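Single-letter residue listing:
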Amino acid sequence: MTGLISEPLIKHFSMDRDDRKRSKNLGKNFMCRLQCMFSRSSAPESRLSLEDTQQWAQSLERLLESKYGLATFRTFLKSEFSDENIEFWLTCEDYKKIRSSFRMTSRAKKIYEQFVKAESPKEINIDYHTREQIKRNVKSPTAQCFDEAQKIVYGLMERDSYPRFLRSEMYRTLLDSLAVDAAHG
């Protein structure tokens, strides 16, 4: 009887150990990709540092202001299949920069179809009232027509995705790897 119980337990612990190794490698591989992505074209002072990475934990705003932070957060959300909120938020930030009314109208319709419309490919989680308000706004769009939805989505990320990111193996491994690098000079 003891042999039957301990064999599944051994397999369970072995799988846990394998998962931890896989997670550590994922974090190291991700850090390597991040470093390669940004370090080739940037000066040493603009490379990913432990201090910058630690500052991401201060606020979602601080995380999104960092090119490394944004890239890391997006990768984390994609790994969880929950990147629609950050994609919507970033798309709205770009949308606000449009000056041409023709381009604004065209882009507003695309944003509505992609993120806001019920059953859309990357449907964001907003209430019915906000969804209907945007539907009306898109008919004669302004730079602010997605502001309410953008605030809601930012709040969702701040309360849900961001704390999960800070607890994630990806972020923890990145911090650990940078700490080791910093200690080695």
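What you see is a predicted model, and the numbers here were worked out from it, not measured in a lab.

Along its length, the protein chain carries 9 helices and 0 strands. Secondary structure elements of the protein chain, listed N to C terminal, follow the sequence α-α-α-α-α-α-α-α-α. Per-residue burial for the protein chain yields a buried fraction of 38% across its 185 residues. Partitioning the contacts of the protein chain with sequence separation of at least 6, the portion at a separation of at least 24 is 62%. Just so you have it, the protein chain exposes about 11600 Å², and 52% of that area is on carbon and sulfur atoms.

Looking now at the packing of helix α4 (residues 67-79) against helix α8 (residues 147-167). When two helices pack together, their arrangement is given by the angle between the helix axes and by the axis-to-axis distance. Contact geometry for α4 and α8: axes closest at 10 Å, N-to-C directions at 95°. Taken together, the axes of α4 and α8 lie roughly perpendicular to each other. Here Thr72, Phe73, Phe76 and Leu77 of α4 come into contact with α8, specifically with Met157, Ser161, Tyr162, Arg164 and Phe165.

On to unusual backbone geometry. The phi angle at Phe81 is positive, at roughly 55°, despite the residue not being glycine. Along the polypeptide, Phe81 turns up in the loop between α4 and α5 (84-95). For Glu119, which is not glycine, the phi torsion reads 70° and is therefore positive. Mapped onto the secondary structure, Glu119 falls in the loop between α6 (101-116) and α7 (128-137).

Basis of the calculations
- Residue positions are counted from 1 within each chain, in the order its sequence is given.
- Two thresholds apply to this predicted model, a pLDDT of at least 70 for residue-level local features and 80 or more for giving and counting side-chain atom pairs, whereas whole-chain, interface and lining totals are computed over all residues.
- Each side-chain value is derived from all of the structure's non-hydrogen atoms; neither hydrogens nor water enter the calculation.
- Secondary structure elements follow DSSP: runs of H or I no shorter than four residues count as helices, runs of E no shorter than two count as strands, and numbering proceeds from the N terminus.
- When accessible area is computed with a 1.4 Å probe and restricted to protein chains, residues below 20% of their type maximum are described as buried, those above 50% as exposed, and intermediate ones as partly exposed.
- Whether two residues touch is decided by their heavy atoms; if any such pair falls within 4.5 Å, the residues are in contact.
- Note on areas: Shrake-Rupley with a 1.4 Å probe; residue coverage comes only from the protein chains shown.
- Helix axes are fitted to C-alpha atoms over the stretch in contact, other axes to C-alpha atoms as well, and angles between N-to-C directions run from 0 to 180 degrees.
- Oblique is the label for every angle not falling under 35 degrees (roughly parallel), over 145 degrees (roughly antiparallel), or within 65 to 115 degrees (roughly perpendicular).

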